[in-house]
Amino acid sequence: MDTLAFIRLTPENPFLNGLKDCMGVISWVNHHADKLRIYKNDISLVRDSAEGNLAIVCALNDSAKQITQVSSIYGALDLINPSQTFYHWNLSSYPMNRSQKAYITSIIRL
């Protein structure tokens with residue numbers, strides 16, 4: 001079964017709204033699994049580009065273990081050790097308030 005959900009993306013919407021929307025849809029689908037005739041706690045996410053990255057973040061934040069598979073199609077995902085690349089990501093390049101920065105630094109090691 002395919003489900004299409006429209007989520008709020010940045011920069012038009014504040015940080016974390018898209019993640020909250022996505023996790024809400026996942027919870028709703030899982031809660032209604034019987035009615036939707038799907039397996040409970042066996043959700044696959046397939047998205048592209050920025051939403052592919054959001055799918056990955058959803059899976060990483062899925063403490064209820066509802067998501068079993070993620071496919072991010074041409075998302076900006078690089079698994080190379082940062083010390084081995086020419087590009088070095090800098091958190092100060094992105095405008096964020098203190099709570100947003102604290103959240104980002106809590107889920108990744110800088």
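See the structure printed just above.
Fair warning: this is a prediction, and the values are worked out from it, not measured in the lab. (Residues numbered from 1 in each chain as written. Predicted model: local features only at pLDDT ≥ 70, side-chain atom pairs only at ≥ 80, totals over all residues. Heavy atoms only, no water.)

Trainee: Give a description of the overall build of the protein that names residues and reports values.
Mentor: Summing up its helical and strand segments, the protein has four helices and two strands in all. Burial status across the protein gives 23% buried among its 110 residues. Considering only intrachain contacts with a sequence separation of at least 6, the fraction spanning at least 24 residues in the protein is 53%. Accessible area of the protein: about 8600 Å², with a carbon and sulfur share of 56%. (Helix = DSSP H or I, 4+ residues; strand = E, 2+ residues; numbered from the N terminus. Buried < 20%, exposed > 50% of the residue type's maximum accessible area, 1.4 Å probe, protein only. Contact = heavy atoms within 4.5 Å. Areas by Shrake-Rupley, 256 points an atom, 1.4 Å probe, with all protein chains shown as cover.)

Trainee: Which residues make up helix H3 (residues 49-60), and what are the values?
Mentor: Taking 1.5 Å per residue as the helical rise, H3 with its 12 residues ought to reach 16 Å, and the 17 Å between its terminal C-alpha atoms agrees with that figure. Turning to H3, its buried residues number three or more, namely Glu51, Gly52, Leu54, Ala55, Ile56 and Cys58. On its buried face, H3 sits against helix H1 (17-31), strand E1 (43-48) and strand E2 (67-73). (Expected span 1.5 Å × (residues − 1).)

Trainee: Tell me about unusual backbone geometry, residues and numbers included.
Mentor: Here Arg37, not a glycine, exhibits a phi torsion of approximately 60°, which is positive. Residue placement: Arg37 occurs in the loop between helix H2 (33-36) and E1. Arg37 sits in the exposed class, given a relative accessible area of 78%. Positive phi, close to 60°, is recorded for Asn41, a residue that is not glycine.

Trainee: I'd love a proper account of the pairing of E2, names of residues and values included.
Mentor: Across six bridges, E1 lies against E2 in parallel orientation. Looking across to E2, one finds that Val46 is bridged to Ser71. For the crossover from E1 across H3 to E2, the handedness is right-handed. (Pairing = 2+ DSSP bridges. Right-handed = clockwise from strand over helix to strand, strands pointing away.)

Trainee: How would you sum up the environment of Lys40? Please name residues and give values.
Mentor: Residue position: Lys40 is located in the loop between H2 and E1. For the pair Lys40 and Val29, spaced 11 residues apart in the sequence, the C-alpha separation amounts to 8.6 Å.

Trainee: So, the nonpolar core: which residues are in play, and what are the values?
Mentor: As a rule of thumb, soluble globular proteins bury nonpolar side chains together. In this structure, Ile7, Leu19, Cys22, Met23, Ile26, Val29, Ile43, Leu45, Leu54, Ala55, Cys58 and Ile67 together form the largest nonpolar core, which totals 12 residues. Those elements that place two or more of their residues in this core are H1, E1 and H3. Of the residues forming this core, the biggest block, five residues, is contributed by H1. Aside from chain neighbours lying at most four places away, what touches Met23 is Cys58, Asn61 and Asp62. (Core = buried A, V, L, I, M, F, W, Y, C linked by side-chain atoms within 4.5 Å.)

Trainee: So what's going on with the side chain of Glu51? Which residues, and what values?
Mentor: Assignment of secondary structure puts Glu51 in helix H3. Engagement of the side chain of Glu51 in a polar contact is seen with the side chain of Arg47, the distance being 2.2 Å. Filtering out sequence-adjacent residues up to four positions away, Glu51 remains in contact with Ile7 and Leu9. (Polar contact = N/O pair within 3.5 Å; in protein donor to acceptor, adjacent residues only side chain to side chain.)

Trainee: An account of the pattern of salt bridges is needed here, citing residue identities and associated values.
Mentor: All chains considered together, the criterion is met by one salt bridge. A salt bridge links Arg47 to Glu51; the shortest N-O distance between them is 2.2 Å. By relative accessible area, Arg47 is classed as partly exposed at 33%. (Salt bridge = Lys/Arg side-chain N within 4 Å of Asp/Glu carboxyl O.)

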